[in-house]
Amino acid sequence: MEALATSSPCPECRGDGYRVEAEVQPGPGDGEGRRARAVARVCSCRDRCPHCEGRGFVYTSRQVEFSKKVGMRSYEALTACVCRLLAQRVANFAQVGIPAHHATSSFSTFRAKGDDQEKTAALEQALGVARSAAQEWRRDRPARGFVLSGRVGSGQTHILSATLRHLVLERGASAQYREISLLFADIRRGFNAGKSGGEISARLVDADVLAIDELGRGRGSPFEMETLDELIARRYNSGLTTIVATNFSLERERSPSPGPRGFQAPAQALEEREDLLVERIGERIYSRLCEMCDFVSLPARTDDFRRTKQDGRPTRRLVRPAS
Ligand SMILES: Nc1ncnc2c1ncn2[C@@H]1O[C@H](COP(=O)(O)OP(=O)(O)O)[C@@H](O)[C@H]1O
Ligand SMILES: [Mg+2]
Ligand SMILES: [Zn+2]
Ligand SMILES: [Zn+2]
């Protein structure tokens, strides 16, 4: 959130006014609550709000034309202070469900640098698409979404998390993050509890922004696929922003793999076909995504960020903003 006019930015939050961290004690819960997630906290530098001295509201001067005869009059109105907005955004952020591992994933911790120019250009493009979606979003004019495709470890969840972080904490959007297998599990649970598809996905239908991660992974049951289709259709009809990551390919036509002329093993042919996102999620969902989203591919990473983190050796370059 925009820094208040202070002399030097706080070293803890760099003037953002909040910090994002992994939830230390995952709460008890309904299955959702048990998963460790990223949460935000208002930074201690904002404990004493210089604008409202903790009251939560400020007086602002408004000008209104009461009538032609009386003309313009100004009056003092009570409005919520920025500190209250920040507290609300921070509370909303915990509800998004961003995995705890991605608490440090932001636009500034994403390195758009590949081993060669082509990879760097692809990383920059993906970051650019996500960044502009996040920055251009307004509640009365939702941004176009995007579909990121890439191999495991290429930074897809990082970019989804960074986009949600910006939208919720900097723009005040409401958002939900779901990995597809967990989304299907939620649908199954709802189905077993006798709920309709609409009831099950109500929260995901209404969020300003929905992120679906790992789309195409696992085969949903007919009811799960139908509910997913309905969810995306309803978001499409409401013009809401949907962002997606997938390990499957976006290309419709794949060039045949190099090999002996006229020979292609049946198993390989099947594998090639199954690589396509459209084959995994069906024409209907795919074509709606084409209407709602820009499609971007991430290059595979050779310096494996995931392995570096799992080794437990925190790498400074992952958390330091690339200024
Ligand atoms: N370009 C990048 N810059 C900084 N960190 C990255 C980048 N790409 C991946 N990472 C980090 O590597 C790990 C794996 O990335 P992740 O986004 O989870 O991959 P996936 O594409 O499988 O979703 C995460 O910790 C992520 O923050
Ligand atoms: Mg991922
Ligand atoms: Zn601070
Ligand atoms: Zn205040």
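Structure: see above.
On a predicted model such as this, the values are computed, not experimentally measured, just so you know. (Residues numbered from 1 in each chain as written. Chains lettered and ligands numbered in written order. Predicted model: local features only at pLDDT ≥ 70, side-chain atom pairs only at ≥ 80, totals over all residues. Heavy atoms only, no water.)

1. Focus on the coordination of the zinc ion (ligand 3)
Six octahedrally arranged donors around a metal ideally form angles of 90 or 180 degrees; four tetrahedrally arranged donors ideally form angles of 109.5 degrees. So the rule is basically this: Water is not among the atoms examined, so metal sites may look incomplete; donors are the N, O and S atoms within 2.8 Å of the metal, or within 3.2 Å for Na, K and Ca. In this scheme the shape depends on donor count and angles: four donors with every angle between 85 and 135 degrees give tetrahedral, four or six donors with opposite pairs above 155 degrees and others between 65 and 115 give square planar or octahedral in turn, and any other case is irregular. Exposure is judged per residue with a 1.4 Å probe applied to protein chains only, and the accessible area is read against the type maximum: over 50% gives exposed, under 20% gives buried, and values in between give partly exposed.
Bound to the zinc ion (ligand 3) are the protein donor atoms Cys-10 (SG), Cys-13 (SG), Cys-43 (SG) and Cys-45 (SG), situated 2.3 Å from the metal. For the zinc ion (ligand 3), the four donor atoms are set out with angles of 106 to 113 degrees between them, so the coordination reads as tetrahedral. Here the donor residues of the zinc ion (ligand 3) are spaced in sequence according to C-x2-C-x29-C-x1-C. Overall, Cys-10 belongs to the buried group, its relative accessible area being 14%. The exposure class of Cys-13 is buried, given its relative accessible area of 3%.

2. Comments concerning the pairing of strand S5 (residues 145–149)
How we decide: Strands here mean DSSP runs of E at least two residues long; helices mean DSSP runs of H or I at least four residues long; both are numbered from the N terminus. Whether two strands pair comes down to DSSP finding at least two bridges between them.
Most of S5 is tucked away, with five of its five residues classed as buried. The alternating pattern of S5 places Gly-145, Val-147 and Ser-149 and Phe-146 and Leu-148 on opposite faces, both of which are buried. Two elements, S5 and strand S9 (residues 293–297), share five bridges in a ladder whose sense is parallel. Each bridged residue has a counterpart across the sheet, and for Gly-145 the counterpart in S9 is Cys-293. Of the pairings in the sheet, the one linking S5 to strand S8 (residues 241–246) comprises four bridges and is parallel in character. Its bridge partner being in S8, Ser-149 is matched across the sheet by Thr-246.

3. A few points about helix H10 (residues 283–292)
We count it as follows: The directions from the helix axis to the C-beta atoms are what the arc is built from. Note on contacts: a residue pair qualifies if any of its non-hydrogen atoms lie within 4.5 Å across the two residues.
Among the residues of H10, Ile-285, Tyr-286, Leu-289 and Met-292 are the ones counted as buried. Across the axial projection of H10, the buried residues extend over an arc of 125 degrees, all falling on one side. Structural note: H10 exposes Arg-284 and Glu-291 on the side pointing more than 90 degrees away from its buried face. On its buried face, H10 is in contact with S5, helix H7 (222–238), S8, helix H9 (277–281) and S9.

4. What to know about the nonpolar core
To be explicit about the condition: The term nonpolar core refers to a set of buried residues drawn from Ala, Val, Leu, Ile, Met, Phe, Trp, Tyr and Cys, joined through side-chain atoms within 4.5 Å.
Counting residues in hydrophobic clusters, the biggest one holds 40 residues, and the most contacted among them are Val-20, Phe-93, Phe-146, Leu-148, Ile-159, Leu-164 and Val-209. Residue contacts for Val-20: discarding those within four places in its chain leaves Ala-38, Val-39, Ala-40, Phe-93, Ala-103, Arg-165 and Leu-169. Counting 26 residues, the second-largest nonpolar core is a separate cluster that includes Val-147, Ile-200, Leu-204 and Leu-277.

5. A look at the environment of Gly-56
Its location among the elements puts Gly-56 in the loop between strand S2 (38–42) and strand S3 (57–67). Between the C-alpha atoms of Gly-56 and Leu-85, which are 29 residues apart in sequence, the distance is 9.0 Å. Excluding residues within four positions of it along the chain, Gly-56 makes contact with Thr-79, Ala-80, Cys-81, Cys-83 and Arg-84.

6. Considering helix H2 (residues 117–136)
Condition: One less than the residue count of a helix, multiplied by 1.5 Å, gives the span that helix is expected to have.
Along its 20 residues, H2 runs 27 Å from first to last C-alpha, staying within 8% of the 28 Å computed at 1.5 Å per residue. Regarding H2, the residues found buried are Thr-120, Ala-122, Leu-123, Ala-126, Leu-127, Val-129, Ala-130, Ala-133 and Ala-134. The elements touched by buried residues of H2 are S5, helix H3 (156–170) and S9.

7. Comments concerning the pairing of strand S4 (residues 71–80)
Relative to S4, S3 runs antiparallel, the two sharing ten bridges. Bridge assignment links Phe-57 to a residue of S4, and that residue is Ala-80. Here S3 hands over to S4 after three residues, the two strands then running antiparallel side by side.

8. Topic: the pattern of salt bridges
Using the following cut-off: Here a salt bridge means any side-chain nitrogen of Lys or Arg lying within 4 Å of a carboxyl oxygen belonging to Asp or Glu.
Enumeration according to the criterion identifies 16 salt bridges in this entry. Arg-41 serves as the salt-bridge partner of Glu-21, at 2.6 Å between the closest nitrogen and oxygen. Note that Glu-21 is positioned in strand S1 (residues 18–22) and Arg-41 in strand S2, a separation of 20 residues in sequence. Note that Asp-229 is salt-bridged to Arg-288, the shortest N-O span being 2.7 Å. With Asp-229 in helix H7 and Arg-288 in helix H10, this pair connects stretches of sequence that are 59 residues apart. Asp-229 gets classed as buried once you look at its relative accessible area, which sits at 7%.

9. With respect to the sheet that holds S9
Let me state the cut-off plainly: For helices, the fitted axis covers only the stretch in contact; all axes are lines through C-alpha atoms, and the angles between them, taken along N-to-C directions, range from 0 to 180 degrees.
Read across the sheet, five strands follow the order S6-S7-S8-S5-S9 without closing on themselves; strand pairing throughout is parallel. This sheet does not close on itself; its edge strands, each paired only once, are strand S6 (175–179) and S9. Each neighbouring strand pair of the sheet contributes to a mean axis angle of 10 degrees, computed without reference to strand direction. Relative to the sheet, H2 contacts S5 and S9, its axis offset from that of S9 by approximately 155 degrees.

10. Examining empty space enclosed by the protein
Stated precisely, the cut-off is as follows: The rule is simple: put a 1 Å grid over the protein atoms alone, call a set of points where a 1.4 Å probe fits but cannot get out a cavity, call an open set with protein on both sides within 12 Å along at least five of seven lines a pocket, and count a residue as lining if it has an atom within 4 Å of a point. Grid points are joined across faces, edges and corners, and a volume is the space filled by probe spheres set on the points. Gly counts as polar in this scheme, as do all residues outside two lists: the nonpolar Ala, Val, Leu, Ile, Met, Phe, Trp, Tyr, Cys and Pro, and the charged Asp, Glu, Lys and Arg.
Across all of its chains, the model carries three cavities of 30 Å³ or more by this definition. Taken as a whole, the second largest cavity holds about 40 Å³ of empty space. Around the second largest cavity, the lining residues are Ile-180, Phe-184, Leu-215, Gly-216, Arg-217, Gly-218, Met-225, Leu-228, Arg-280 and Ile-281. Of all the elements in the fold, those that place two or more residues in the lining of the second largest cavity are helix H4 (180–192), H7 and H9. By residue class, the composition of the lining of the second largest cavity is six nonpolar, two polar and two charged.

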